[in-house]
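Here's the letter readout for the chains.
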Amino acid sequence: MTASTPTQTISEKILSAKSGRTARAGDVVVCDVDLVLGTDASAPMAIGYFERMGGTRVHDASRVVFALDHYSPPSSAATKGFHDQVRAFAEKQGVRVYEIGEGISHQIAVERGLAHPGMLIVGADSHTVTCGAVNAFATGVGSSDLAAAMLTGQLWFRVPQTIRVALVGSRAAGVAAKDVALAMVSLLGSGGAEYHALEFTGPSVQDFSLDDRLVLSNLAVEAGAKAAVWEADAVLETHLARFADRGDAVSADQGALYVRDVVLDLSPLVPTVALPHLPENVVPISRAPETPIHMVFLGTCTGGRVADYHEALAVLERGGGKLAKGVHLVVTPASSEVERELAADGTLVKLARMGATITMPGCGACCGTSGVVPSDGMNVISTANRNFKARMGNATASIYLASPAACAAAALTGRLTDPRLFA
Amino acid sequence: MTSHRGRARRLGDDINTDYIIASTRKKETLDEKILKQYLLEAVDPGFAASVRAGDVLVAGANFGCGSAMEVAATVVLAAGIQIVLAKSFARSFYRNAINNGLLPIECDTSDILEGDTISVESDTSGTTVVDERTGRRELRPPLGGIAGEILAAGGLVPYLKRERRFVSTT
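Every residue gets a number counted from 1 within its own chain, in the order that chain's sequence is written. Lettering of chains starts at A and numbering of ligands starts at 1, both following the order in which they are written. Local features are withheld for residues below a pLDDT of 70 in this predicted model, meaning they are given only at 70 or higher, and side-chain atom pairs are given and counted only at 80 or more; totals for whole chains, interfaces and linings count all residues.

Comments concerning the overall build of chain A
- Tallying secondary structure elements over chain A gives 13 helices and 18 strands in all.
- For a compact globule of 423 residues, the expected C-alpha radius of gyration is about 22 Å, and chain A comes in at 21 Å, within 12% of that figure.
- If one aligns the C-alpha atoms of chain A with their principal axes, the spans along those axes are about 65 × 50 × 40 Å.
- Classification of the 423 residues of chain A by burial places 62% in the buried group.
- Two residues qualify as being in contact provided that their C-beta atoms, derived from the backbone, are within 7 Å of each other. Taking contacts inside chain A between residues at least 6 apart in sequence as the whole, the part at least 24 apart equals 77%. The secondary structure listing takes helices from DSSP runs of H or I that are at least 4 residues long and strands from runs of E that are at least 2 residues long, numbered from the N terminus. Only C-alpha atoms enter the radius of gyration; for comparison, a globular chain is expected to reach 2.2 Å times N to the power 0.38, where N is the number of residues. Here a residue counts as buried when 20 or more other C-beta atoms fall within 10 Å of its C-beta, as exposed when 12 or fewer do, and as partly exposed in between; the C-beta atoms come from the backbone.

The structure is reproduced here in structure tokens:
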């Protein structure tokens, strides 16, 4: 092997292509950014930074997108004002705004084909890593970096070392992508992938649908990962088939250097729950302490897609379709496309008839910025990604993270329940 | 050379940005001078009122994990805190800190106790962190590359006002 024949990880290849030099883990590179995602929670501050940087024009408005997702609908006078500010800036700059109710920024990016293979994507939202499922390098930044990317079209990066995550074995019935993702976070630990990229590989990747991949990439940031990239394959091809721009697939070289190899064996996995107040506190539901559940949240960029609601509805119907007394079921689709599909196939009306509160698509109750806020002492089971204390807007509530099926099972029984009970 | 002496404010591991400032607080305002009264309220409701200008945050591993929201850096600065020591930082918080001129120093914080006097001296050879109670001293290498340039400029706004673009240093 010589210096003239570099062997690179997917992340090194994308950052090389975007910086115009051979990028190796540890290098600091300045890259052209393909897609810049801002939200109503981050763009207002970014506009302030942009103006203080002396910015007047966005470098390339066609590469910038804003999604009004965190305050969907606005839940305070100030957030309504943030929307007006973002809309006014976007109109002046020619930037596309996805309105309240259209969905979560990274969900929109994937389902509308804005994100595709080989891209470098930055979003002022930590869960931008979700877009790694489409063979892109996607990472979360703050508002000042968002402003810099809008102003210059570029951003600097330290090229991350890559942890290769090999998926092997097969999932037992009733084990959801969320259970695999929680197992991954538990295996790596909070911060266990800090500054690192993940690259998913192994014989079982083909068993993961695009939606499944989005869940794993999404949760990767709970282990601190900078990016969480999947290979391009037939599953991705199927997703991309309906879009005109399908990008350029990037694969790792034979002999690329990985800082660590992690094997995630799917075979022994069972339905799990992350106990308060860290996503790494993962235990099998069957061994979790007896816990009453008062609120069930089906939604977010982790668990608010069509397949998630089908998974939840199947459990609810098998269990008789009657919510346990006192349980509040809240449904917030990740996007208007998800909502439309669920409306068309009857899922939403079935959930509504069971008593669910169905809200406008967006981030919803996940971080307490819109939607239902739990009351004092409530236990919430959620398809979301974070169970930090006060995350949903009440420091005395406790949040349990689980699969859509496990959330549905808890809605039926009013307590933490292994969803296989309703298999 | 710059130097700083301040009182250690001890925090644990995995302090996420929602603990630093709750997402629900910033739906009322982004003004850090108002938000600072809620600094770290999920960890200790009395924390904000007890902060003195010049205090040094001292955390364990993975400080600033979770949301990439930038108020988590600006609210710390607004409270009069200019330095955060941690065993490790979440990368989005680390970038946000540097971009706003808040100094994040990765060092071994295990022996530092609440109230210890911490001195931090920086020059071209690096940054020295001393816990005056124990006498423990750690020299950290200077922050290199573009991050070092941004910090030296006082943050990303003055850096980009001067340079207009990111200038590769290697």
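Once the structure has been displayed, the description carries forward.
A look at the packing of helix H6 (residues 177-188) of chain A against helix H7 (residues 210-220) of chain A
Residues and elements named next belong to chain A.
- Relative orientation of the contacting elements H6 and H7 amounts to 25 degrees, with a least axis distance of 9 Å. One element, H6, and the other, H7, form an angle in the roughly parallel class. H6 and H7 meet at a crossing whose hand is right-handed. Here Ala177, Lys178, Val180, Ala181, Leu182, Met184 and Val185 of H6 come into contact with H7, specifically with Asp212, Val215, Leu216 and Leu219.
- As a working rule, the residues Ala, Val, Leu, Ile, Met, Phe, Trp, Tyr, Cys and Pro are called nonpolar, Asp, Glu, Lys and Arg charged, and the rest polar, with Gly in that last group. Of the residues in the contact of H6 with H7, the class split is nine nonpolar, no polar and two charged. Every axis corresponds to a line fitted to the C-alpha atoms, with the helix fit spanning only the stretch in contact, and the corresponding angles, defined between N-to-C directions, vary from 0 to 180 degrees. Any angle between 65 and 115 degrees counts as roughly perpendicular, while under 35 counts as roughly parallel, over 145 as roughly antiparallel, and the rest as oblique. Crossing handedness: left-handed means the near helix sits turned counterclockwise from the far one by under a right angle, and right-handed means the same turn made clockwise.

What about the interface of chain A and chain B?
- Listed per partner, the contact involves 47 residues of chain A and 39 residues of chain B.
- Among the secondary structure elements, those contributing two or more residues to the side of chain A that touches chain B are strand E1 (28-32), helix H2 (43-52), helix H3 (77-93), helix H5 (143-152) and strand E7 (154-158) of chain A.
- With six residues, the top contributor of residues to the side of chain A that touches chain B is H5(A).
- The class makeup of the residues in the side of chain A that touches chain B is 20 nonpolar, 18 polar and nine charged.

So, the packing of H2(A) against H3(A)
All names here are of chain A.
- At a minimum axis distance of 9 Å, the contact between H2 and H3 shows a crossing angle of 50 degrees. Of the possible angle classes, the one that applies to H2 and H3 is oblique. For the pair H2 and H3, the sense of crossing is left-handed. Between H2 and H3, the contacting residues are Ala43, Pro44 and Ile47 on the first element and Phe82, Gln85, Val86 and Phe89 on the second.

Looking at the pairing of strand E5 (residues 117-123) of chain B
Residue and element names in this part refer to chain B.
- A one-sided burial pattern is seen for E5, the buried positions being Ile118, Val120 and Ser122 and the unburied ones Thr117, Ser119, Glu121 and Asp123.
- Note on pairing: DSSP must find at least two bridges between two strands before they are called paired. Alignment of strand E1 (residues 2-10) against E5, held across six bridges, turns out to be antiparallel. Of the residues in E5, the one forming a bridge with serine 3 is glutamate 121.
- Across six bridges, the pairing between E5 and strand E6 (residues 126-131) is antiparallel. Note that in E6 the partner of valine 120 across the bridge is valine 129.
- The loop that links E5 with its antiparallel partner E6 comprises two residues.

So, the sheet that holds strand E12 (residues 272-274) of chain A
Residue and element names in this part refer to chain A.
- Spatially, the seven strands line up as an open sheet ordered E13-E12-E18-E17-E14-E15-E16, and their pairing is mixed. Of all strands in the sheet, those bounded by a partner on one side alone are strand E13 (282-284) and strand E16 (357-358).
- Inspection of the sheet shows strand E17 (residues 379-382) paired to strand E18 (residues 398-402) by four bridges, in the parallel sense. Looking at E18, one finds that valine 380 is bridged to isoleucine 399.
- Lying on the sheet, helix H13 (residues 404-413) is in contact with E12, strand E14 (295-299), strand E15 (328-332), E17 and E18; it crosses E14 at an angle near 150 degrees.

Thoughts on the sheet that holds strand E2 (residues 56-58) of chain B
Residue and element names in this part refer to chain B.
- What the seven strands build is an open sheet, ordered E4-E3-E2-E1-E5-E6-E7; its pairing is mixed. The sheet terminates laterally at strand E4 (103-106) and strand E7 (137-140), the two strands that pair on one side only. With strand direction ignored, the average angle separating the axes of adjacent strands in the sheet is 25 degrees.
- Both E1 and E2 contribute to a ladder of three bridges, which runs parallel. By the bridge assignment, arginine 10 is partnered in E2 with valine 58.

Re the environment of Asp308(A)
Residue and element names in this part refer to chain A.
- Summarising the element assignment, aspartate 308 is placed in helix H10 (residues 306-318).
- Judged by local crowding, aspartate 308 falls into the buried class, with 29 C-beta atoms found within 10 Å.
- Apart from residues no more than four positions distant in its own chain, aspartate 308 is found in contact with Leu298, Gly303, Thr383 and Pro404.

Some details on the domain arrangement of chain A
Residues and elements named next belong to chain A.
- All domain edges in this entry derive from an automatic or database-based domain assignment. Taken domain by domain, chain A consists of domain 1 (10-264) and domain 2 (273-422).
- Using C-alpha coordinates to define each centre, domain 1 is positioned 25 Å away from domain 2.
- The interface of domain 1 with domain 2 comprises 33 residues on the first partner and 30 residues on the second.
- Of all the secondary structure elements, the ones that give two or more residues to the side of domain 1 that touches domain 2 are helix H4 (105-111), H6 and H7.

Observations regarding unusual backbone geometry
Residues and elements named next belong to chain A.
- The amide bond that connects serine 72 to the next residue, proline 73, takes the cis arrangement and shows omega of 0 degrees.
- On the secondary structure map, proline 73 appears in the loop between strand E3 (64-67) and H3.
- A positive phi angle, near 70 degrees, is found at tyrosine 195, a position not held by glycine.
- Mapping tyrosine 195 onto the fold places it in the loop between H6 and strand E9 (197-201).
- Under the C-beta neighbour-count criterion, tyrosine 195 is labelled partly exposed, with 17 such atoms within 10 Å.
- Look at threonine 300: it is not a glycine, yet its phi comes out positive at around 85 degrees.
- Its location among the elements puts threonine 300 in helix H9 (residues 300-303).

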